[in-house]
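Commentary on secondary and tertiary structure
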Amino acid sequence: MIGIISDSHDNMNALRKAVEFFNERGVKAVLHAGDIISPFTARAFKELKPKLYFVFGNNDGDKLTLTKRLEEIGAVSCGDFGDLTIDGLHIALLHGTNEALVKALAKSGEFDVIVRGHTHDPDVKIIEGVTVINPGESSGVLSGKSTVAVLEIANLNVEITQLELD
């Protein structure tokens, strides 16, 4: 299983809950689809057991320090775009500010799964046979709901979960 998170927007409480959730589920890796925002949020990921891969979103400011702090705890920066293979699954990881680009990636036939964020709306759809996953926002800043997703590698089943924040 792969954990998926996006749009955490400095909400440390939500990040701690997401880390706890992913650790409890025993996911193999966690993909963050951007808008982490501030370097200090790396502290919330310290307890994350699986490897964290992340891309930048349109609101990420100090990308240099954000990358440094996250790499210090073992995370992998993919810059603006991640081209990942996990257990044979070819995954595109991006923030998704450009809808045409998201659709073009799906239609390219290069990827099994596209992981994106940006809209803050949890969504799973199939485009040209490719699973496109948006876990929604872990921060809950727009919708009031903190959501994350888990992807089963073997069958591409996606489960979106709403986290209970204190």
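The structure we're discussing is the one just above.
So, a few notes on the structure that sits alongside this text. (Residues numbered from 1 in each chain as written. Predicted model: local features only at pLDDT ≥ 70, side-chain atom pairs only at ≥ 80, totals over all residues. Heavy atoms only, no water.)

**Observations concerning the sheet that holds strand β11 (residues 158–163)**
With mixed pairing, the six strands of this open sheet are ordered in space as β4-β3-β2-β1-β10-β11. The strands lining the two open edges of the sheet, one partner per strand, are β4 (76–77) and β11. Pairing geometry for strand β3 (residues 51–54) and β4, over two bridges, is parallel. Bridged to Tyr 53 within β4 is Val 76. Relative to the sheet, helix α1 (residues 12–25) contacts β1 (2–5), β2 (29–32), β10 (146–151) and β11, its axis offset from that of β10 by approximately 25°. (Pairing = 2+ DSSP bridges. Helix = DSSP H or I, 4+ residues; strand = E, 2+ residues; numbered from the N terminus. Contact = heavy atoms within 4.5 Å. Axes fitted to C-alpha atoms, helices over the stretch in contact; angles between N-to-C directions.)

**Some remarks on helix α4 (residues 99–107)**
Along α4, the residues classified as buried are Val 102, Leu 105 and Ala 106. Each buried residue of α4 sits inside an arc of 100° when the element is viewed along its axis, so together they form one side. Across from the buried face of α4, at angles greater than 90 degrees, the exposed residues are Ala 100 and Lys 107. Near the N-terminus of α4, the side chain that reaches the backbone nitrogen of Ala 100, with its oxygen 2.9 Å away, is that of Asn 98. Positioned one or two residues after α4, Gly 109 has a phi angle of 80°, which is positive. (Buried < 20%, exposed > 50% of the residue type's maximum accessible area, 1.4 Å probe, protein only. Arc of directions from axis to C-beta. Polar contact = N/O pair within 3.5 Å; in protein donor to acceptor, adjacent residues only side chain to side chain.)

**A closer look at the packing of aromatic side chains**
On inspection of all chains with the given rule, the structure shows three aromatic pairs. Geometrically, the ring pair formed by Phe 54 and Phe 56 is edge-to-face, given 6.0 Å between the ring centres and 75° between the ring planes. On the basis of relative accessible area, Phe 56 is assigned to the buried category, the value being 11%. (Phe/Tyr/Trp six-rings, centres within 6.5 Å; stacked < 30°, edge-to-face > 60°.)

**So, the side chain of Asn 23**
Relative to the helices and strands, Asn 23 is located in helix α1. Look at Asn 23 and you get buried, because its relative accessible area is 18%. From its side chain, Asn 23 meets the backbone nitrogen of Lys 49 in a polar contact 2.8 Å long. The residues contacting Asn 23, other than those within four sequence positions of it, are Glu 47, Leu 48, Lys 49 and Pro 50.

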